[in-house]
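Below are the chains, spelled out letter by letter.
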Amino acid sequence: MTALANTGLLKINTVTFDVKNRRAVLNEARRAAVIDAREQADVYADAAGLRLVEITDIADGNARPPISGEADLPVAHEGVRTLAILPPATLRFDASVQMRWRIAPR
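These numbers come from a predicted model, not from an experiment.

Draft legend 1. Spotlight on the pattern of salt bridges. Overall, the coordinates contain six salt bridges when judged by the stated rule. Glutamate 28 is paired through a salt bridge with arginine 31; the nearest N and O atoms lie 3.7 Å apart. Pair noted here: glutamate 28 and arginine 31 are both in helix H2 (residues 22–47), with a separation of three residues, about one helical turn. In this structure, the salt-bridge partner of glutamate 54 is arginine 102, at a minimum N-O distance of 3.1 Å. Remark: arginine 102 occurs in strand S4 (residues 94–105) and glutamate 54 occurs in strand S2 (residues 50–64); sequence separation between them is 48 residues.

Right, dumping it as structure tokens:
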């Protein structure tokens, strides 16, 4: 890549990184979203003196791959072109979920 960059025949501004099995990673983010939603619902119910009984509705909120998986490449200085592509340490996948619960007194 560096030799190709030194020819001056092409210009690369951004490199994008991704994962092999995007669906599996998004599903893991969805599982984490459900756990988080349950914890939040428990807190609200407890604060209100109630308990959660069962889920009455569940809807996928938003699950998306990272938008920060890009890296700007260094600009050439004094005619010297360098190409150092380093993948990010992590790619963050986010998900959200909307859940409704039947509640009851404690």
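Draft legend 2. Fine view of H2. Compared with an ideal rise of 1.5 Å per residue, which puts 26 residues at 38 Å, H2 spans 38 Å between its outermost C-alpha atoms and is within 8% of the ideal. All buried positions along H2 are accounted for by Leu26, Ala29, Ala33, Ala37, Ala41 and Ala45. Those residues of H2 hidden inside the fold are in contact with S2 and S4. Of the residues one or two after H2, glycine 49 is the one with positive phi, at around 75 degrees.

Conventions adopted
- Residues numbered from 1 in each chain as written.
- Predicted model: local features only at pLDDT ≥ 70, side-chain atom pairs only at ≥ 80, totals over all residues.
- Heavy atoms only, no water.
- Salt bridge = Lys/Arg side-chain N within 4 Å of Asp/Glu carboxyl O.
- Helix = DSSP H or I, 4+ residues; strand = E, 2+ residues; numbered from the N terminus.
- Expected span 1.5 Å × (residues − 1).
- Buried < 20%, exposed > 50% of the residue type's maximum accessible area, 1.4 Å probe, protein only.
- Contact = heavy atoms within 4.5 Å.

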